[in-house]
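Here's the letter readout for the chains.
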Amino acid sequence: MAKQENWIAPSILSADFAQLGKDVKDVIAAGADVVHFDVMDNHYVPNLTIGPLVCESLKKFMDNEGVKAPIDVHLMVKPVDRIIPDFINAGADYVTFHPEASEHIDRSLAMIKDMGAKAGLVFNPHTSLSYLEHVMDKIDMILIMSVNPGFGGQSFIPQALEKLKACRQLIDASGRDIRLEIDGGVKVENIREVAAAGCDTFVSGSGIFGKANAGDANRYDTVIQQMRDEIAKA
Ligand SMILES: O=C(CO)[C@@H](O)[C@H](O)COP(=O)(O)O
Ligand SMILES: [Fe+2]
């Protein structure tokens with residue numbers, strides 16, 4: 001299966017939560033493709049962020065303002081099953097979770113798919129790709145963490161590149177449309193090598209929101225174009 005269209009996915013963890021709707025509207029208007037929505041529970045990861053109520057509000061705001069972009073919910077939550085339906089009812093288009101956070105991975109994937117959303121697994125730097133072995137036919141996305149989950153603004157862990165290459169091979173061999181996403185420390189400076197390793201969905205929080213002043217849509221425009229130029233060189 002050929003690599004899918006490249007998607008830039010700003011992580012709203014680095015947005016200004018006091019003006020989340022505006023930041024999302026600006027960053028999508030500036031050329032981003034998907035909203036990466038990080039959910040942390042102060043249990044699976046040592047940080048606490050936002051839940052389904054915020055997802056629902058954001059989705060309503062986006063619909064009212066004509067902002068068309070999928071919401072990609074990255075669940076860093078354990079246990080995961082209880083909260084999955086709430087996010088899909090709140091408008092999530094993609095739901096990804098960490099296999100260590102589910103007692104029954106196949107069941108969690110089925111819950112997501114049965115409710116009509118796209119499903120994916122997330123791999124921490126230490127997590128083996130062997131979790132993919134019996135579920136390749138059930139997933140729509142693989143998310144490779146290039147930092148340990150829990151915080152924005154961390155440095156990219158280069159070993160993630162080897163994992164991306166291995167996943168690209170698995171996806172190509174499967175013949176299925178599976179997105180390959182990277183998350184953590186992605187910036188203009190390193191996005192080219194990430195693309196060369198086979199990635200097609202690029203999460204960036206501090207690399208986009210941190211670089212631009214919140215509310216200055218032109219700066220989002222600049223950094224997203226620079227990222228696309230680098231990806232094109234891969
Ligand atoms: O899931 C996470 C962190 O756990 C990410 O989505 C980060 O929010 C990405 O932020 P940057 O590393 O790009 O600043
Ligand atoms: Fe994330």
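Criteria and thresholds
- Residues numbered from 1 in each chain as written.
- Chains lettered and ligands numbered in written order.
- Predicted model: local features only at pLDDT ≥ 70, side-chain atom pairs only at ≥ 80, totals over all residues.
- Helix = DSSP H or I, 4+ residues; strand = E, 2+ residues; numbered from the N terminus.
- Rg over C-alpha atoms; globule rule 2.2 N^0.38 Å.
- Buried ≥ 20, exposed ≤ 12 C-beta atoms within 10 Å, placed from the backbone.
- Contact = placed C-beta atoms within 7 Å.
- Pairing = 2+ DSSP bridges.
- Axes fitted to C-alpha atoms, helices over the stretch in contact; angles between N-to-C directions.
- UniProt positions renumbered as here; feature names shortened; annotations may be inferred.
- Near = placed C-beta within 6 Å.
- Core = buried A, V, L, I, M, F, W, Y, C linked by C-beta atoms within 7 Å.
- Parallel < 35°, antiparallel > 145°, perpendicular 65-115°, else oblique.
- Left-handed = near helix turned anticlockwise from the far one by under 90°.
- Nonpolar A, V, L, I, M, F, W, Y, C, P; charged D, E, K, R; others polar.

**Describing the overall build of the protein chain**
- For the protein chain, the count of helices and strands is eight helices and eight strands.
- Here the C-alpha atoms of the protein chain give a radius of gyration of 16 Å, agreeing with the 17 Å that 2.2 N^0.38 yields for 234 residues.
- Projected onto its principal axes, the C-alpha positions of the protein chain cover 45 × 40 × 30 Å.
- Residue burial in the protein chain is summarised as follows: out of 234 residues, 44% are buried.
- Considering only intrachain contacts with a sequence separation of at least 6, the fraction spanning at least 24 residues in the protein chain is 66%.

**Overview of the sheet that holds strand β8 (residues 201-204)**
- Read from one edge to the other, the open sheet built from eight strands follows the order β1-β8-β7-β6-β5-β4-β3-β2, with strand pairing classed as parallel. Either end of the sheet is taken by a strand with one partner, and the two such strands are β1 (7-10) and β2 (35-40). For this sheet, the mean inter-axis angle between neighbouring strands, taken without regard to orientation, is 25°.
- Alignment of strand β7 (residues 179-183) against β8, held across three bridges, turns out to be parallel. Looking at β8, one finds that I182 is bridged to F202.
- Most of the contacts of helix α5 (residues 160-174) go to β7, to which it runs at about 170°, and overall it touches β5 (118-123), β6 (141-145) and β7.

**Topic: the UniProt feature "binding site: substrate" (unreviewed entry) in the protein chain**
- The UniProt record marks S11, H74, G150, F151, G152, G153, D183, G184, G185, G205 and S206 with the feature "binding site: substrate" (unreviewed entry), using the residue numbering of this structure.
- Its location among the elements puts G205 in the loop between β8 and α7 (206-210).
- In this structure G205 comes out as buried when scored by C-beta crowding, with 24 C-beta atoms within 10 Å.
- The contacts of G205, once residues within four sequence positions are left out, are P10, S11, L13, S14 and G152.
- Discounting residues that sit within four places of it in the chain, S206 has contacts with S14, G152 and G153.

**Some remarks on the site of ligand 1**
- Taken together, 22 residues are adjacent to ligand 1, and L13, P149, G152, G205 and S206 come closest.
- Of all the secondary-structure elements, those providing two or more residues to the shell around ligand 1 are β2, β8 and α7.

**Let's talk about the nonpolar core**
- One finds V73, A92, V95, L164 and F202 to be the most contacted residues of the largest nonpolar core, which totals 72 residues.
- Setting aside chain neighbours within four positions, we find L164 in contact with I144, L180, I182, V194, A197, G198 and C199.

**Here's the deal with the packing of helix α1 (residues 20-29) against helix α2 (residues 52-65)**
- Look at α1 against α2: their axes get within 10 Å of each other, and the N-to-C directions meet at 50°. In terms of orientation, α1 and α2 fall into the oblique class. Here α1 runs over α2; the crossing is right-handed. For the pair α1 and α2, contact is made by L20, G21, V24 and K25 and by L58, F61, M62 and E65, respectively.
- For the contact of α1 with α2, the class distribution of residues is five nonpolar, one polar and two charged.

**Overview of the UniProt feature "active site" (unreviewed entry) in the protein chain**
- In this numbering, the UniProt entry assigns the feature "active site" (unreviewed entry) to D38 and D183. Judged by maximum C-alpha separation, these annotated positions cover 146 residues in sequence but sit close together in space, the widest gap being only 10.5 Å.
- Its place among the elements puts D183 in strand β7.
- The exposure class of D183 is buried, given the 26 C-beta atoms found within 10 Å.

**Section: the pairing of β5**
- Taken across its six residues, β5 has five buried, putting it largely inside the fold.
- Bridging between strand β4 (residues 94-97) and β5 involves four bridges; their strand directions are parallel. Each bridged residue has a counterpart across the sheet, and for Y94 the counterpart in β5 is K118.
- With four bridges joining them, β5 and β6 adopt parallel strand pairing. Of the residues in β6, the one forming a bridge with L121 is I142.

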